[in-house]
Amino acid sequence: MEMEQLLSMGFPSELAAQALAATGGKSTVKATEWILSQTSHPHPNNSPNGSSFQQPKLDRFFHSPSSKPKQEPSSPSNSPTQTTTAPPPPHHQLLSAQTPPPSKRPKVFAPSPPSNPHNHTISNDEPLSERMRPRTIDDVIGQDLLLSQNSLLRSAMRCSRIPSIILWGPPGTGKTSIARAIVTSANSQGSSSYRFVSLSAVTCGVKDVRDAFEDARKFKLKNSKRTVLFLDEVHRFNKSQQDSFLPVIEDGTIVFIGATTENPSFHLVTPLLSRCRVLTLSPLKPHHVQTILMRAVNDPDKGLSKSIWSLGVDVSEDAVEFLSTNCDGDARVALNALEISAATAAARVGSDGDLRLASVALDDAKEALQSKHLAYDKAGEEHYNLISALHKSMRGSDADASIYWLVRMLEGGEQPLYIARRLVRFASEDVGLADPLALNQAVACYQACHFLGMPECNVILAQCVAYLALAPKSISVYRAMGAAQKVVRESVGQNEGVPLHLRNAPTKLMKELGYGKDYIYTPDNPTANQSFLPPSLQGHKFLDWPASNADNG
């Protein structure tokens, strides 16, 4: 940004680069003073190309106090220099001066930042991931199935009839970008039929939403255009907040686009889902992320070069490959790490005092990313996906897959006691009577994890997982429980009472009523034949043991 300001003042690029390098590169004021001190006495040697230095554009940025009329000392528009040059752009900002006092120094005005072709103002203060958002649907990477030529979204944009949708997918896959690009692409079909309004469920409440609804109604009446209301993190709204969208979607006041990382079936109300189409975004593959990173490296207007002062940037193939394969499909993580890598490389070059390119190497990428990014939410969809994969891998006796899913959960930050509790359940549900010692192993595993905690208990969990995966399996007890529950829950009327001979008779009255009558004490007569089920269930089998061929054990 400092380089752009110096160039807009008319300084040669070589001289501006020297000034920034000599003053640290972070202050336009200091760099300008350095240049003026070097060129206060024009001499051929003062200019890099051997000619005396000229200042064709400085008058629009610098206003000497001595040249101002006394009656209006603070008005730049009355300066004599304004008679021969255009007035400064309306959005210039005055940079604060340090020493000497402001009355003794010129005032420096920063030029307005350039704007991109899509009417989006590019600011160097924006993160790289924000600057590199795709502006149209054709710019979106990695969602080929969702955005194919015959897809719902493409057809809707060609007809300028955007439906209300829910975009569901992992972080960094392009949900917000797609929402913005849908409106841009639909408006580019020939008529600007929509305006885009963005809210976040993290920061707004019902009042903000109602204000947006009212603005949408007024805008529609005045301009005959509809409002696309985008709500990020829609799953954070409660039931009543989600219900507030129903009437305005129904009457066409807004087109609703929601974005969520959580399963809509669990986190969104059914009436809202019935009014929207749920579109699922796929996780980005490494080659998709690599394409996005290279686009950021090569874009001169809003890419990586805008993140570092006055230096070009070169990124090694190893660094790009490392970031693309270790971001776990999250393009935002990869772009942020790339930007940090470039800043690290630029600082290294700046400390050397020369003007070489900032070269991002593999070590810079590793330092920026620190560790492999893992997509895992301990209370979200991925939490349940991974524990399901672990459970089913152990049930299928695949110890290798079981240990892999265990490590995925631990590396993602899962609590070891949660996993240990699931192993206790598995030991009884899936191993059961085929190896009764499995339950002992699982309970011992839980206690050991409670004593040690992470990371020491990881090997204990792995041992128990491997034991359960390799153990013989039997679900006889599990099936018996299910069969008995079915009988109890589906019995007609009230469940039968306990037969009298099975009841205890601690009082004389109970004995007179027949409690405990004809009960045979089994230790005294092990071969005696008596029934322990209600009359209607005589001979009913719940537990199939020893296991038959139908059992897994």
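The protein has the name UBA domain-containing protein in an unreviewed UniProt entry, where Populus tomentosa is given as its organism. As its UniProt record puts it under Sequence similarities (unreviewed entry), the protein is described as follows: "Belongs to the AAA ATPase family. RarA/MGS1/WRNIP1 subfamily."

**Structural notes on the overall build of the protein**
When helices and strands are counted, the protein shows 22 helices and nine strands. Here the contacts in the protein between residues at least 6 apart in sequence split such that 68% fall between residues at least 24 apart. Carbon and sulfur atoms make up 53% of the accessible area of the protein, which totals about 30,300 Å².

**Observations regarding helix H15 (residues 362-369)**
Listed as buried for H15 are Asp364, Ala365, Ala368 and Leu369. Across the axial projection of H15, the buried residues extend over an arc of 120°, all falling on one side. Opposite its buried face, H15 presents the exposed residues Asp363 and Glu367, each directed more than 90 degrees away.

**Focus on the pattern of salt bridges**
On inspection of all chains with the given rule, the structure shows 13 salt bridges. Here Glu339 ties to Arg131 by a salt bridge, and the two come within 3.8 Å at their closest N and O atoms. Remark: Arg131 occurs in helix H4 (residues 128-131) and Glu339 occurs in helix H14 (residues 331-352); sequence separation between them is 208 residues. The two residues Glu339 and Arg131 agree in class, both being buried. Residue Arg275 pairs with Glu250 through a salt bridge whose shortest N-O separation is 2.8 Å. Placement of the pair is Arg275 in helix H11 (residues 270-275) and Glu250 in helix H9 (residues 246-250), with a sequence separation of 25 residues. Among the residues examined, Arg275 registers a relative accessible area of 30% and is labelled partly exposed. Linked through salt bridges whose partners overlap, the residues forming this network are Arg395, Arg425, Glu429 and Asp430.

**Details of the nonpolar core**
The biggest cluster of nonpolar side chains holds 31 residues, and the ones touching the most others in it are Leu293, Leu304, Val315 and Leu338. Mapped onto this core, the elements with two or more residues apiece are helix H12 (286-298), strand E8 (313-315), helix H13 (317-326), H14, strand E9 (358-360) and H15. If you tally residues by element for this core, the top one is H14, at ten residues. Contact partners of Val315, with chain neighbours within four places excluded, come to Val297, Leu304, Val320, Leu338 and Val360. If you look at the next biggest cluster of nonpolar residues, it comprises 26 residues, including Leu390, Ile419, Ala438 and Leu461.

**Remarks on the packing of helix H17 (residues 399-411) against helix H20 (residues 458-470)**
Two elements in contact, H17 and H20, have axes whose closest approach is 9 Å; the angle formed by their N-to-C orientations is 150°. Taken together, the axis directions place H17 and H20 in an arrangement best described as roughly antiparallel. The way H17 lies across H20 gives a crossing that is right-handed. From H17, Ala399, Ser402, Ile403, Leu406 and Leu410 reach across to H20, where they touch Asn458, Leu461, Ala462, Val465, Ala466, Ala469 and Leu470.

**Observations concerning the sheet that holds strand E3 (residues 165-168)**
The strand order E4-E5-E6-E3-E7 describes an open sheet built from five strands, whose pairing is parallel. Edge positions in the open sheet fall to strand E4 (194-200) and strand E7 (277-280), since each of these has one partner strand only. Pairs of neighbouring strands in the sheet enclose a mean axial angle of 20°, with direction left out of account. The pairing of E3 with E7 spans four bridges and is classified as parallel. By the bridge assignment, Ile166 is partnered in E7 with Val278.

**Section: unusual backbone geometry**
With an omega of 5°, the peptide bond running from Met454 to Pro455 counts as cis. In this chain, Trp545 is followed by Pro546 through a cis amide linkage whose omega measures 0°. As for its position among the elements, Pro546 is in the segment after helix H22 (508-512). For Ser224, which is not glycine, the phi torsion reads 55° and is therefore positive. Mapping Ser224 onto the fold places it in the loop between helix H7 (206-223) and strand E5 (226-232). We classify Ser224 as exposed; its relative accessible area is 68%. Of note, the phi angle at Asp328 is positive, near 60°, even though the residue is not glycine. For Asp328, a relative accessible area of 31% puts it in the partly exposed group.

How each quantity is defined
Residues numbered from 1 in each chain as written. Predicted model: local features only at pLDDT ≥ 70, side-chain atom pairs only at ≥ 80, totals over all residues. Heavy atoms only, no water. UniProt positions renumbered as here; feature names shortened; annotations may be inferred. Helix = DSSP H or I, 4+ residues; strand = E, 2+ residues; numbered from the N terminus. Contact = heavy atoms within 4.5 Å. Areas by Shrake-Rupley, 256 points an atom, 1.4 Å probe, with all protein chains shown as cover. Buried < 20%, exposed > 50% of the residue type's maximum accessible area, 1.4 Å probe, protein only. Arc of directions from axis to C-beta. Salt bridge = Lys/Arg side-chain N within 4 Å of Asp/Glu carboxyl O. Core = buried A, V, L, I, M, F, W, Y, C linked by side-chain atoms within 4.5 Å. Axes fitted to C-alpha atoms, helices over the stretch in contact; angles between N-to-C directions. Parallel < 35°, antiparallel > 145°, perpendicular 65-115°, else oblique. Left-handed = near helix turned anticlockwise from the far one by under 90°. Pairing = 2+ DSSP bridges.

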